Number of protein chains: 2
Amino acid sequence: MNALLAFPLDLPPRGRLEALHGQLRAAILDGRLAGGHSLPSTRALAVSLGVSRNTVVAAYDRLLSEGYVSARHGSGYAVASGLARTQAKVASGIGGDRRLAPHWRHAVMPARTGAPASYRHDLRVGFPDASRFPFDVWRRLSARALRSLSNKVGTYHMPEGRRPLREAIAGHVSFARAVTCGVDDVVVTSGAQQAFDLLARILVTPGRTVVAVEDPGYPPLRAAFEATGASVVPVPVDADGLVVEQIPPAARVIYVTPSHQFPLGMVMSPARRMALLEFARRHGAVVIEDDYDGEFRYGGRPLDALQTLDREGRVFYVGTFSKSLFPALRLGYVVAPPWALAALAQARQVCDWHADVLAQDTLALFIAEGHLARHVRKMRRIYAERREALIHGLVRHAGKLLTLQASDAGLHVAALLPPGLHADELVQRAVAQDMRIEALSGYAIGETAPNGLVFGLGTLPVARMEDATQMLGRLLRESR
Amino acid sequence: MNALLAFPLDLPPRGRLEALHGQLRAAILDGRLAGGHSLPSTRALAVSLGVSRNTVVAAYDRLLSEGYVSARHGSGYAVASGLARTQAKVASGIGGDRRLAPHWRHAVMPARTGAPASYRHDLRVGFPDASRFPFDVWRRLSARALRSLSNKVGTYHMPEGRRPLREAIAGHVSFARAVTCGVDDVVVTSGAQQAFDLLARILVTPGRTVVAVEDPGYPPLRAAFEATGASVVPVPVDADGLVVEQIPPAARVIYVTPSHQFPLGMVMSPARRMALLEFARRHGAVVIEDDYDGEFRYGGRPLDALQTLDREGRVFYVGTFSKSLFPALRLGYVVAPPWALAALAQARQVCDWHADVLAQDTLALFIAEGHLARHVRKMRRIYAERREALIHGLVRHAGKLLTLQASDAGLHVAALLPPGLHADELVQRAVAQDMRIEALSGYAIGETAPNGLVFGLGTLPVARMEDATQMLGRLLRESR
């Protein structure tokens, strides 16, 4: 119980900001923090919780930007009125969550993903630029798909996906990434996230299966595997990608981003690729190859996918249309070895039966008519220009304070900081100047995170890169 | 290993037809059964597997209708050519599946759900009639939603769903079903199936949690809970619905269909409703109320939902648009008590982040503009006429051989058979006459199933009910 509030706050060792924000928001929504009440001062709450004051400030700021609290004239924050739930069925205290399975007892409401437009300069990772997407084409194809669907919507469809879409995807990955597959090897998923979730379900024996992931890496992948009861073990990466020698021998599932390591950006070397497949062969393990932005290469010919090199059916190749088209679409896929197809399809059926049929059919037409290839070509040029402008700007304005990570692919660029500059502090200071950047620490899986920043190319046009990098350079110099 | 085939067939004690069909299909697809090869005779295979010949005949028939095999001139069946996977990466034998988690090792490819049009008379359960759906309206609203979405698709959205849709759903269930909820109590799901899956994830501690389900009941619900490691216990139903006294005291989750028991059709009595809530209170259990076709009532005022009666936040109310609109849409929802909302939203984020945004926004407009209410009113009239025609026909042509189950709601009607008539046999004989009916045994959870049939109202127009019931009556008389 926190003496400053009439209810307990329970912060985990990691993700305190998220937890604090989520628990305060929940208290506002369920009426434990009533409209008009003052929040405790940031200093007092920080002391009583044993967290840094920055954490409390950031949590309050987020509540402010979301409209849950308002700033008081003078100082402090007050809870906004009229937000408490209409339903007065709040379990007393938070004891109710013992009805939840242990893994979910400390769940907090996911934070609102701020729209990219809400900052002057937004260099966050993971947002493609959807403003150039040919929505008129999509609308036309969607209407056509709906017309021809009208007599087929009354039934349930196959969990592995609509055949025309699976055909289009098989053609796309065979052509674009030399992934060897036929239509029957493709399972359509609701984004890459569902692919990870389905793979976690069919591959993980709860409490037994060890899963090796890149560190730093992609946190939502880890969340999916942990939710099914896997032991997730971080394995370091170096300039050649995942350090295969450090994979624990017990690992039976290994997750990698060989085309463009997330978030550092390096390409996995050919030697490491062979070593990884050899590890999998020797230990009877499988590999999940996440090719989340493999379409966007600015250099020469890409290396073969692990899936292409694999001769033994050990690699699951996961792709997504969230980066090449847009995330709101929620469509991705797995190219799976034959021994896993029935389990994958059945797991999908149990989860949610199948993906939205109209979206599947529209995308199938979009790919078949060449719009995907055309859009990727266009966006590749646009991202390449932005990337060049970003890198030039960073070198010019912050060259001595940033070590850029070599990479010639993808939608983000990582950079390491020298000792004395702290990434997390920089992120906070940037927000105060209406600029949104990300620290690599947000992607750390184990205890130690590289001290650095990572910049996304999705939001800022070329014309604003000079201004943004200049501001960043100033911020770095001032923070030394 | 089966002596008649060069690979093993492994049939579980239940669901043999599904397993046999799935394993043969898998063997054809991965080349173990090569194109042009003959299948063993039905008699020989049945003997060698120790199953009834009917099972083998039915599996072969299904492969035939799907095009995996063709009938030979003379007799027998041959594997169709050109079907083996292009990818030659077949793990030797089927040993590969030891890489799968135990629950999924015996997965088979889900069977193709035959389109309703493929039989002369199709009386299967679970398909609404989507031919009357106002697709022109949907197309127009979809285009409008896409236009206003164009600048928001580059980002990820909230896992609990788009706010306008949650508002529309809260309004809909408050008005139509007197379910007490505000916008924040609604979590949008990809159909009711995902609601069950998310609830299974957050409520089940693998190997520990006991889940009570109605028997007969809805098999996909059971599949979702079993996949998360729950012990699923069948509880009988009688004319008043779930027999609450027979719920095992250890049950912590209880699944019911109080508005219209699936598949028998009775309404849960007020006394049983109170007893169920009292059970939940006494044992600290929660209730999942599945109101899958509650919009379609032909009698008087419906009883209050369990959720409405609940004063302690113990009931999850699950709804779907698969029946009121169409299944291909894949949209449903849970109205959840506050203590479970964060876990539900986080579980959804881990599973697949959020539902297709265009579909969500289109549906929000569809509801807000009154089209849902209008469509439900129209379909209620249509289904009521069909139901009457079906019941009259059944009474006229088979009144002495069928005991209709009382019910004044929903999209199906159940009927029990006298001793001497066997539902499973009737289903087989009907197929031979190009008619598709369903046995109640397909919905049994425990060992004993009621001997009866269940008829769906989604496919056959009124004009054909006379013909269909006449044929059914003849079938029943001939089968005595």
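Predicted model, so just to flag it, every value in this text is computed and none were measured.

Caption draft 1: Structural context of the sheet that holds strand β15 (residues 438-439) of chain A. Residues and elements named next belong to chain A. Across the sheet, 4 strands lie side by side as β12-β13-β16-β15; this open sheet has antiparallel pairing. Sheet topology places β12 (403-404) and β15 at the edges, where each strand pairs with a single neighbour. Taken together, the 5 bridges between strand β13 (residues 412-416) and strand β16 (residues 452-456) define a ladder with antiparallel strand orientation. Bridged to A414 within β16 is V454.

Caption draft 2: Layout of empty space enclosed by the protein. Throughout the structure, instances matching the rule amount to 5 cavities of 30 Å³ or more. In this structure, the largest cavity encloses a volume near 190 Å³. D356, L358 and A359 of chain A together with D356 and L358 of chain B are the residues nearest the centre of the largest cavity, which is lined by 26 residues in total. Of all elements in the fold, only α4 (135-149) and α11 (357-368) of chain A together with α4 (135-149) and α11 (357-368) of chain B reach the threshold of two or more residues within the lining of the largest cavity. Tallied by class, the residues present in the lining of the largest cavity amount to 20 nonpolar, 4 polar and 2 charged. By volume, the second largest cavity is sized at about 120 Å³. If you go around the second largest cavity, you meet 19 residues; those closest to its centre are S190, A355 and D356 of chain A together with S190 and D356 of chain B. Split by residue class, the lining of the second largest cavity holds 8 nonpolar, 4 polar and 7 charged.

Caption draft 3: Examining unusual backbone geometry more closely. Note that the residue after F262 of chain A, namely P263 of chain A, is joined by a cis bond; omega there is 5 degrees. By secondary structure assignment, the location of P263 of chain A is in the loop between β8 (251-256) and α8 (270-283). Cis geometry marks the peptide bond from D215 of chain B to P216 of chain B, where omega comes out at 0 degrees. Looking at the element boundaries, P216 of chain B is found in the loop between β5 (210-215) and α7 (219-227). Backbone geometry at W353 of chain A places phi at a positive 75 degrees, although glycine is not the residue there. The exposure class of W353 of chain A is buried, given its relative accessible area of 13%. For D434 of chain B, which is not glycine, the phi dihedral falls at a positive 65 degrees. For D434 of chain B, the location among the structural elements is in the loop between α13 (423-432) and β14 (435-436).

Caption draft 4: Structural detail: the side chain of E295 of chain B. Mapping E295 of chain B onto the fold places it in the loop between β9 (286-290) and α9 (306-309). There is no salt bridge for the buried E295 of chain B, and the closest opposite charge comes from R177 of chain B, which lies 6.8 Å off by N-O distance.

Caption draft 5: Expanded view of the sheet that holds strand β7 (residues 241-242) of chain A. All names here are of chain A. Taken in spatial order, the 8 strands of this open sheet run β4-β11-β10-β9-β8-β5-β6-β7, and their pairing is mixed. This sheet does not close on itself; its edge strands, each paired only once, are β4 (186-189) and β7. Bridge analysis of strand β6 (residues 231-238) against β7 gives 2 bridges, and the strand direction is antiparallel. Along β7, the bridge assignment pairs V237 with L242. Its contacts with the sheet place helix α5 (residues 163-177) against β4, β10 (315-320) and β11 (332-335), and it is angled at close to 110 degrees to β4. Where helix α7 (residues 219-227) meets the sheet, it contacts β5 (210-215), β6, β8 and β9 (286-290), and its direction lies at approximately 155 degrees from that of β6.

Caption draft 6: Representation of the interface of chain A and chain B in the model. If you look at the interface, chain A gives 98 residues, while chain B gives 97 residues. Around 8,300 Å² of area is buried between chain A and chain B when both sides are counted, 60% of it from carbon and sulfur atoms. On the surface where chain A and chain B come into contact, there are 2 salt bridges. Notably, a salt bridge pairs D197 of chain A with R201 of chain B, separated by 2.6 Å at the nearest N-O pair. Joining chain A to chain B, the criterion identifies 20 residue pairs in polar contact (both at pLDDT 80 or more). Those elements giving two or more residues to the side of chain A that touches chain B turn out to be α1 (16-29), α4, α6 (191-203), α7, α10 (338-352) and α11 of chain A. A total of 13 residues in the side of chain A that touches chain B trace back to one element, the largest contributor, which is α10 of chain A. Of the residues belonging to the side of chain A that touches chain B, the class tally is 54 nonpolar, 24 polar and 20 charged.

Caption draft 7: Structural context of the packing of α5 of chain A against α11 of chain A. Residues and elements named next belong to chain A. Contact pair α5 / α11: the axes reach a minimum separation of 8 Å and the direction vectors enclose 40 degrees. Compared by their axis directions, α5 and α11 come out oblique. The way α5 lies across α11 gives a crossing that is left-handed. Where α5 approaches α11, its residues P164, L165, A168, I169 and H172 are matched on the opposing element by Q360, L363, A364 and I367. Broken down by class, the residue content of the contact of α5 with α11 amounts to 7 nonpolar, 2 polar and no charged.

Caption draft 8: Structural detail: the packing of aromatic side chains. Applying the stated rule across the entire model yields 34 aromatic pairs over all chains. Ring centres of F196 of chain B and Y255 of chain B lie 5.7 Å apart, and the angle between their planes is 90 degrees; on these two criteria the pair is classed as edge-to-face. Of this pair, F196 of chain B sits in helix α6 (residues 191-203) while Y255 of chain B sits in strand β8 (residues 251-256), and the two are 59 residues apart along the sequence. Taken individually, F196 of chain B and Y255 of chain B each receive the classification buried, so the pair is uniform in this respect. An aromatic cluster is built from F196, Y218, Y255, F262, Y292 and Y443 of chain A, whose rings are joined through pairwise contacts. The positively charged end of R99 of chain A is found above the aromatic ring belonging to W339 of chain B, 4.1 Å away from the centroid.

The rules behind each value
For every chain, the first residue of the written sequence is number 1, and numbering continues from 1 onward in sequence order. By the order in which they are written, chains take letters starting at A while ligands take numbers starting at 1. Predicted model: local features are reported for residues with pLDDT of at least 70 only, side-chain atom pairs are reported and counted for 80 or more only, and whole-chain, interface and lining totals are derived from all residues. Only heavy atoms go into the side-chain values, all of them from the structure, while hydrogens and water stay out. Here, any two strands with at least 2 DSSP bridges between them count as paired. Where helices and strands are cited, they refer to DSSP runs of H or I of at least four residues and of E of at least two residues respectively, numbered from the N terminus. A cavity, in this analysis, means grid points on a 1 Å lattice covering only the protein atoms where a 1.4 Å probe fits yet has no way out; a pocket is instead an open set bounded by protein on both sides within 12 Å along at least five of seven lines, and a residue lines either one if it has an atom within 4 Å of a point. Grid points are joined across faces, edges and corners, and a volume is the space filled by probe spheres set on the points. Amino acid classes used here: Ala, Val, Leu, Ile, Met, Phe, Trp, Tyr, Cys and Pro are nonpolar; Asp, Glu, Lys and Arg are charged; the rest, including Gly, are polar. Three exposure classes are used, based on accessible area relative to the maximum for each residue type with a 1.4 Å probe and protein chains only: buried under 20%, partly exposed in between, and exposed over 50%. Working convention for charge: Lys and Arg count positive, Asp and Glu count negative, and His plus the chain ends are omitted. Salt bridges are identified by distance alone: a Lys or Arg side-chain nitrogen within 4 Å of an Asp or Glu carboxyl oxygen. The contact definition used throughout considers only heavy atoms, calling two residues in contact when any of these lie within 4.5 Å. Between the N-to-C directions of two axes lies an angle of 0 to 180 degrees, each axis being a line fitted to C-alpha atoms and, for a helix, fitted only over the stretch in contact. Take the accessible area each of two parts loses on contact, using a 1.4 Å probe, and add the two losses: that sum is the buried area. As used in this structure description, the phrase polar contact means that two N or O atoms lie within 3.5 Å; if the pair is within protein, one of them must be able to donate a hydrogen and the other to accept it, and residues adjacent in sequence are counted only when both atoms belong to side chains. Here roughly perpendicular refers to angles of 65 to 115 degrees, roughly parallel to angles under 35, roughly antiparallel to angles over 145, and oblique to all remaining angles. Throughout, a crossing is termed right-handed when the near helix is turned clockwise from the far one, and left-handed when it is turned anticlockwise from it by less than a right angle. Aromatic rings from Phe, Tyr and Trp, with only the six-membered ring used for Trp, were paired whenever their centres fell within 6.5 Å, and each pair was classed as stacked if the ring planes differed by under 30 degrees, edge-to-face if by over 60, and tilted otherwise. In this analysis the charged atom, NZ for Lys or CZ for Arg, is taken to sit over a ring once it is within 6 Å of the ring centre and within 35 degrees of the ring normal.

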